[in-house]
Amino acid sequence: MSVTIDITGLPPERIVFSPSPLAELGNALHALAEPAHHPRLHAWTTATSAALEPELADRLFEADFMWRSTRSDFLMPARPRETLAEELDDLDRLDDETFVGSAMEISCSSSLYGRGMPSPLTDGRARRRALDLAAARGPRQAAFGERMLADPTGTRAWIRRLLEDCDRAFFADAWRRVHVQLAADARHKTDLLRRKGLAEALTAASSVLSLEEDGQGSRIVVDKLVHGRTDARSSGVTLLPTVFGWPHFLSLYAPGWQPVIQYPAAAHEVGGTESVEAVKLRLEALTHQMRMNLCRHLARGASSTSELADACDITPPEVSRHLAVLRRAGLLTTRRRGRYVLHQLDLSVVVRIGSDFLESVLR
């Protein structure tokens, strides 16, 4: 499963790496709403939440469906600006149908997302769906959704004031701290794109990203637990580095929007990222009772196939078949001692299975 962005024939200059204050504010709001997703930000989320004025905290809670489980599309600008005010001005230029439709697209990884939905301002089915999704978050969120549909212009102004108040209360200071790092990350990736090509720039950005090329064209592939396709040949692609967004890896690929990818800045993707397929193989490998029993012995020390067969009361060919599954999943190390091949559980990989799984589902 992955998100695929068709870039066949797209000039390199229309692939842009750039920081966005609005995108980073959206990530900061998500971190405040779901601090358990962001253990590295524990000190910041704790201190910031404690310092929030009650009235501002109430307003954030009222509107949090726009950033709690996912990010509304308008929070990921395809044309980043230098300041938050400039990006908010760009939002003001969107028509009400586009803005409200993006603000209320709040179902994380919905199967409808990639196919496109009419605006809830003009379509009854889309309206009912949007209100149901908002109501699932709570009565105050449901009331906010109703207000947005009844008075889109007034509610948009309310949202802008909310984001501006967040900027004054805590985000301006945070942005000053992270902007230098994000700008440096974007410059580095842009330089790689110009000197060595897109494949190198994507690899440097994250192991989640890759360039797929064949006789049919070129595609950026985002390794996620969702399936989506979009075409960037007539628009371009924007890649936004983030500090507050880790471990999430967001991609905007809704019809009618320029594709946007948000990736953790280099210093925040520590130790690399496992592919979804690798995580899946490891979890499947450990679901078999005999392989779990073999892992019990392999965790205690290196063993040969014959030793494992004797310990588990199965034949050496059966042991070999189970070891092959564990090896394909990357769970074993192997070395030769004389005429014996010794196998051992790679404890460093096993220890990471839980965190790799969590990173994959949060990605």
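Our subject is the structure that appears above.
Presented here is a report on the structure given in the accompanying data block.

Here is what the cut-offs are and how they apply
Residues numbered from 1 in each chain as written. Predicted model: local features only at pLDDT ≥ 70, side-chain atom pairs only at ≥ 80, totals over all residues. Heavy atoms only, no water. Salt bridge = Lys/Arg side-chain N within 4 Å of Asp/Glu carboxyl O. Helix = DSSP H or I, 4+ residues; strand = E, 2+ residues; numbered from the N terminus. Buried < 20%, exposed > 50% of the residue type's maximum accessible area, 1.4 Å probe, protein only. Axes fitted to C-alpha atoms, helices over the stretch in contact; angles between N-to-C directions. Parallel < 35°, antiparallel > 145°, perpendicular 65-115°, else oblique. Left-handed = near helix turned anticlockwise from the far one by under 90°. Contact = heavy atoms within 4.5 Å. Nonpolar A, V, L, I, M, F, W, Y, C, P; charged D, E, K, R; others polar. Pairing = 2+ DSSP bridges. Core = buried A, V, L, I, M, F, W, Y, C linked by side-chain atoms within 4.5 Å.

Looking now at the pattern of salt bridges. A complete count under the given rule lists 23 salt bridges for this structure. A salt bridge links Arg147 to Glu62; its shortest N-O distance comes to 2.9 Å. Taken together, the residues Arg147 in helix 7 (residues 139-150) and Glu62 in helix 3 (residues 54-62) connect sequence positions 85 residues apart. A residue is classified by how much of its surface remains accessible, and Arg147, at 31% relative accessible area, is partly exposed. Between Arg233 and Asp231 there is a salt bridge; the shortest N-O distance is 2.5 Å.

Time to look at the packing of helix 8 (residues 152-196) against helix 9 (residues 198-205). Any two packed helices are characterised by the angle at which their axes cross and by the distance between the axes. Two elements in contact, helix 8 and helix 9, have axes whose closest approach is 7 Å; the angle formed by their N-to-C orientations is 150°. Relative to helix 9, the element helix 8 lies roughly antiparallel. Every pair of crossing elements has a handedness; the one defined by helix 8 and helix 9 is right-handed. Across from Lys189, Leu192, Leu193 and Lys196 in helix 8, the residues of helix 9 making contact are Leu198, Glu200, Ala201, Ala204 and Ala205. Its residues assigned to classes, the contact of helix 8 with helix 9 shows 6 nonpolar, no polar and 3 charged.

Here 4 strands make up an open sheet; going across it, the order is 2-6-8-7 and the pairing mixed. The two strands at the open ends of the sheet, each matched to only one other strand, are strand 2 (15-17) and strand 7 (250-252). Direction aside, neighbouring strands of the sheet carry axes that sit 15° apart on average. As paired elements, strand 6 (residues 237-242) and strand 8 (residues 260-264) share 5 bridges and run parallel to each other. When the sheet's bridge partners are listed, Leu240 is paired in strand 8 with Gln262. Its contacts with the sheet put helix 1 (residues 21-33) on strand 6, strand 7 and strand 8, and the angle it makes with strand 6 is roughly 50°. Sheet contacts for helix 9: strand 2, strand 6 and strand 8; angle to strand 2, the most-contacted strand, approximately 35°.

All right, on to the nonpolar core then. Grouped together as the largest cluster of nonpolar side chains are 47 residues, with contacts concentrated most on Met66, Trp67, Ile159 and Phe170. Among the elements of the structure, helix 1, helix 3, helix 4 (84-92), helix 5 (96-103), helix 6 (124-135), helix 7 and helix 8 are those that each provide at least two residues to this core. In terms of residues, this core owes the most to one element, helix 8, which gives 11 residues. Not counting residues up to four positions away in its chain, the partners in contact with Ile159 are Met66, Phe74, Phe99, Phe144 and Met148. In this structure, Leu193, Ala205, Val222 and Leu240 belong to the second largest nonpolar core, which totals 34 residues.

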